[in-house]
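Listed below are the residues making up each chain.
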Amino acid sequence: MITTRTHPAAALLAVLALGAPAAAAASGSGPAEQAPEPRQVKDPEGDLIQAKPPPFSDGIFPCSQCHQGKGDPTRRTLGFHDEIQEQFDHDSQNRWCLDCHDNARRDVLHLSSGAEVPFTESYRLCGQCHGDKYRDWRAGVHGKRIGHWDGQKTYFLCVNCHNPHSPRFKGIAPEPRPRRPEEMKR
Amino acid sequence: MKFVHFLKGSGRLVTQGGRAYWLWMGALLVAIAIGAAGYTRQAQVGLIATNMRDQVTWAFYIGNFTFLVGVAAAAVLLVIPAYVYQWKPIKEVVILGELLAISAITMCLLFVLVDMGRPDRFLHILPLIGAPNWPRSLLAWDALVLNIYLAVNAVVVIHILYRGFNGKSYDKRVVVPLVLFSIPMAVGIHTVTAFLYNGMAARPYWNASILAPRFLASAFCSGPAVLLILFQVLRKATGLDIKDEAIWKVAELMSYAMFFNLFLLGAELFKEYYSATEHLLYTRYYWSGIGTHRALVPYAWLSLACSLAAFVLFLLPRTRRSWLGLNAGCILIWAGVYIEKGMGLVIPGMTPDTLGEIFEYTPTANEWMVAVGVFGIGFLVFTVLVKVAVPIMSGAFHSRAGGTAPAGEVG
Amino acid sequence: MTPPGRSLPVLPQASGEDVPAADPSRPGRRQFLRTALGGCAVASLSACGIEDFFRKHLHELSKDELARIVARIEKKASQKYGKNVTVSTAAARPGVQFAYGLDLSRCVGCRRCVYACVKENNQSRQNPQIHWIKVLEMEKARGVDVAHADAYYEAEKVPRPGHFYMPVQCHQCRNPPCVKVCPVKATWKEPDGIVVVDYDWCIGCRCCMAACPYGARRFNWAEPDLPASEMNPVTHYLGNRPRPRGVVEKCTFCIQRTRAGLYPACVEICPVGARKFGNLLDPGSEIRYVMERKRVFVFKEELNTEPRFYYFYAT
């Protein structure tokens, strides 16, 4: 059965690049040694396995390599991460980086309560504002799962499909149209 | 032994004839050869040699099949006056109607065979060896009733002709029940064929209760037309005594059927155009086209014009009894109903298709070739049967020279 | 979860259609005659296709006959495609009623499902080109209106503004008009809900195609052209095994995958997660969640086909 599963999975990996340029580099190969490992998550409905780690760019994690101690919370422009800053439009009127990224410890994210959240559980952060999507995602109805309808499934983090810095899907090129009946002749 | 004589004699009859006969037979053999060539290509390449595709899955072959089932059913227009009302002028010629029924059913079965994707699997529809889907599948019913109708007509015809050949009259106990049975069978074959279309909820153009009555009306108004022409030919060519009254009575019955056919068409058109739901789309495609798709429109109006003209010609006794008017009417009604019940029924039912796509179907050359071949075979069967039957009817072909065959009592 | 393999339980009777299966332990006279004749026939004729010509309907085959037929199919296909082709006859699992959900608020019309299906299910590629899934582009202003739908849309990027997309495939109806009209019982409803076709029994009359309101069935108008390199060798007898020409085929909810517990190929490939599949009898399944909480509608509901394919809006 492995052979038939890699077909869609292989295509899937390519598709995950949409809207998340960082994901393409990270697919399949973890960046640094300290990247979070995929974890087994027990769920009341069955066994779920996290699909992939969060889509970090190469060498970007752990963030504490560069960031030590707190930064200035009042600034609104960055000296690095230019490509992210250029594309950032996730409620950019009202949000900026430190609304999600923790100022004191850059290796984690934080909820609005201040509680820390590892990157592998970033869905808890998304779920704060996008509660209905989060509930549907937990049930497997929002987003996708692959695997067994009657057993083990592989799920995806929100960020495996949605670029957290520019989440709106940009549109993709469709596959070719079908042949018209008059185009099929012998 | 007598039967062998019968067969040998029949063989001789079929191979003897005047120039007109041989020209006709020659043309039929050419048609059959064309059909064989066409079907060979289709068998090699597959049904992709036709223009049928997933969007229009039934077309020219099934359209012809539908028309010919009607022609086969039309024999009943002779059988009822002959056997139920014992009307002598028609009783003398009713066997010709049965011969037409046999030829028409042969063509029907051939058209189904050439339309099938896997004709090598025809055994699958037979009971015991196959798995016919009774009672739910109308197509399984159609296969059953068509073959029963063929068998009934074949048994009656062979019995009457063989008895006639032996100078004897037919056995009423054999013929009359079978012939009376063939009346509801004739209605049955065409009703079942109508139900085949009628029962499909997916095709709103067909999913109308009026389809079965329309089929019967169009069958009765067009089928006997070929017989009327045949009667006139036979009178001249063989001296067979067919009374004018027989011909005029059949024409009169046809004119009633024509009226009913036109009335039912009007009823359908009212329903479609007045309620004007989205289902009007199919009717509109046929009569006025949709956008640039207008392939069937000229045929729709041509068919109506032919049917109307034929109706007028057959309705007025003056034109009905004039040989020009009668024959013109026969040709017109055949053309009108051939279009209406062939392509005019099948194609609009599938255009647009169930997902709104319009694929304009027109038959390929290959389909024309195969259809010509099937018609060739059908007419050949009819010609051979008539060539044997007529001398038996007139007493010229019988087992003993000098034996009296009761002329005019055959059939 | 059993992988599709060579274990061959005889396929059970179809539900809802009257197909009395012969009981191999109590052969009637018909069965005896057939077995006797069949034995002689097999001995002398199995080398050529004559055995196929006199084959019985699938539901009347004994275990041995089915095993022999499947072995022959596997051998021929393996030779033709140069791969180790397996043909499963996995039966429907008890306690399973499949259903499918399609989220119209998510589908973007990218057609990746169409081509994933083609690869998984060994469809003919060019003449004819067979796609079991058809994606209809419609205008949001008109809503679901197939008279103005377009399956041949081409665009730089989808979704196009003002349009939405509705993929259509076999709905595996509970009240299937196609099963009703088939003259030879070549298509029937399986106990888990999948409507299947026996490609070795179908006579190619295409009555089912006329009867299907969803345009879901496809016909092999010519010898299917399936490149050996692209052939998927893991097949099911009633699913994706390579078809002969002149027979009808359609979506089978990837029977070779779903009876092994996997999602269909289209569900897995969809990049936006618009497709949901599962067992309706399982209260924890995604499809149950959808049915209980989302706005669900049935395509052409007035025709009473009671499909297992539900369109819904997640948001």
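Predicted model only: the values in this text are computed from it and were never measured.

**Q** Is there a simple way to explain the nonpolar core in this structure?
**A** Across soluble globular proteins, nonpolar side chains have a tendency to be buried as a group. W58(B), L96(B), W206(B) and L228(B) are the most contacted members of the largest nonpolar core, which totals 158 residues. Take this core: its biggest share by element is 13 residues, from helix 6 (residues 94-115) of chain B. Among residues more than four places away in sequence, those in contact with W206(B) are W58(B), Y197(B), N198(B), M200(B), L211(B), L345(B), V346(B), G349(B), M350(B) and A210(C).

**Q** How should helix 17 (residues 365-394) of chain B be read in this particular structure?
**A** Because each turn of an α-helix spans 3.6 residues, side chains separated by three or four positions end up pointing in the same direction. Here helix 17 of chain B is 30 residues long and its end C-alpha atoms lie 43 Å apart, about the 44 Å a rise of 1.5 Å per residue gives. Looking one or two residues beyond helix 17 of chain B, the residue adopting positive phi is G395(B), at roughly 90°.

**Q** Can you help me understand the interface of chain B and chain C in this one?
**A** Put simply, an interface is often sized by how much accessible area is lost when its parts join up. Across the boundary between the two partners, chain B contributes 47 residues, which contact 53 residues of chain C. Taken together, both faces of the contact between chain B and chain C bury some 4,000 Å²; the carbon and sulfur share is 54%. Summed over the shared surface of chain B and chain C, the number is three salt bridges. In this structure, R206(C) engages D115(B) in a salt bridge whose closest nitrogen and oxygen atoms are separated by 2.7 Å. Taken together, the links from chain B to chain C amount to 29 residue pairs in polar contact (both at pLDDT 80 or more). Counting only elements with at least two residues in the side of chain B that touches chain C, the list comes to helix 2 (19-45) and helix 7 (138-165) of chain B. A total of four residues in the side of chain B that touches chain C trace back to one element, the largest contributor, which is helix 2 of chain B. Split by residue class, the side of chain B that touches chain C holds 24 nonpolar, 12 polar and 11 charged.

**Q** In this structure, what is going on with the confidence of the model for chain B? I would like to understand it.
**A** When pLDDT is low, close inspection of the predicted coordinates is not appropriate. On average, residues of chain B carry a pLDDT of 91, and 97% of them reach 70 or more. Across residues 401-411 of chain B, where pLDDT falls below 50, the model places 22 contacts with residues more than four positions away in sequence or in other chains.

**Q** Teacher, can you tell me more about the state of the cysteines here?
**A** Put plainly, a disulfide is one covalent bond tying together the sulfur atoms of two cysteines. Residues and elements named next belong to chain C. Under the definition given, this model contains zero disulfides over all chains. Note on C205: no disulfide assigned, nearest cysteine sulfur contributed by C207 at a separation of 5.2 Å. With no disulfide partner, C251 has as its closest neighbouring cysteine sulfur the one in C170, 5.8 Å distant. On the accessibility criterion, C251 (6% relative accessible area) is buried.

**Q** What am I meant to see in the interface of chain A and chain B here?
**A** In this assembly, five residues from chain A lie in contact with eight residues from chain B. Regarding the contact of chain A and chain B, the summed buried area is about 570 Å², with carbon and sulfur atoms giving 55% of it. Counting across the chain A and chain B interface gives zero salt bridges. Counting across the interface, chain A meets chain B through two residue pairs in polar contact (both at pLDDT 80 or more).

**Q** Quick question: what am I supposed to make of the pattern of salt bridges here?
**A** Opposite charge on two side chains permits them to pair, given that their charged atoms come into close proximity. One pass over the full model with this rule turns up 35 salt bridges over all chains. R214(B) is the partner of E268(B) in a salt bridge, and the nearest nitrogen-oxygen pair spans 2.9 Å. With a gap of 54 residues between them, E268(B) in helix 11 (residues 244-275) and R214(B) in helix 9 (residues 211-222) connect regions that are remote in the sequence. Given a relative accessible area of 10%, E268(B) falls into the buried group. Among the salt bridges present, the one from R257(C) reaches E120(C), with a minimum N-O distance of 3.8 Å. Linking R257(C) in helix 7 (residues 255-258) with E120(C) in helix 4 (residues 112-121), this pair joins segments that are 137 residues apart in sequence. The same class applies to R257(C) as to E120(C), namely buried. Each member of the salt-bridge network shares a partner with another, and the members are R121(B), R55(C), D198(C), D200(C) and R241(C).

What counts as what
Residues numbered from 1 in each chain as written. Chains lettered and ligands numbered in written order. Predicted model: local features only at pLDDT ≥ 70, side-chain atom pairs only at ≥ 80, totals over all residues. Heavy atoms only, no water. Core = buried A, V, L, I, M, F, W, Y, C linked by side-chain atoms within 4.5 Å. Buried < 20%, exposed > 50% of the residue type's maximum accessible area, 1.4 Å probe, protein only. Helix = DSSP H or I, 4+ residues; strand = E, 2+ residues; numbered from the N terminus. Contact = heavy atoms within 4.5 Å. Expected span 1.5 Å × (residues − 1). Buried area = accessible area lost by both parts, 1.4 Å probe. Salt bridge = Lys/Arg side-chain N within 4 Å of Asp/Glu carboxyl O. Polar contact = N/O pair within 3.5 Å; in protein donor to acceptor, adjacent residues only side chain to side chain. Nonpolar A, V, L, I, M, F, W, Y, C, P; charged D, E, K, R; others polar. pLDDT = per-residue confidence, 0-100. Disulfide = S-S within 2.5 Å.

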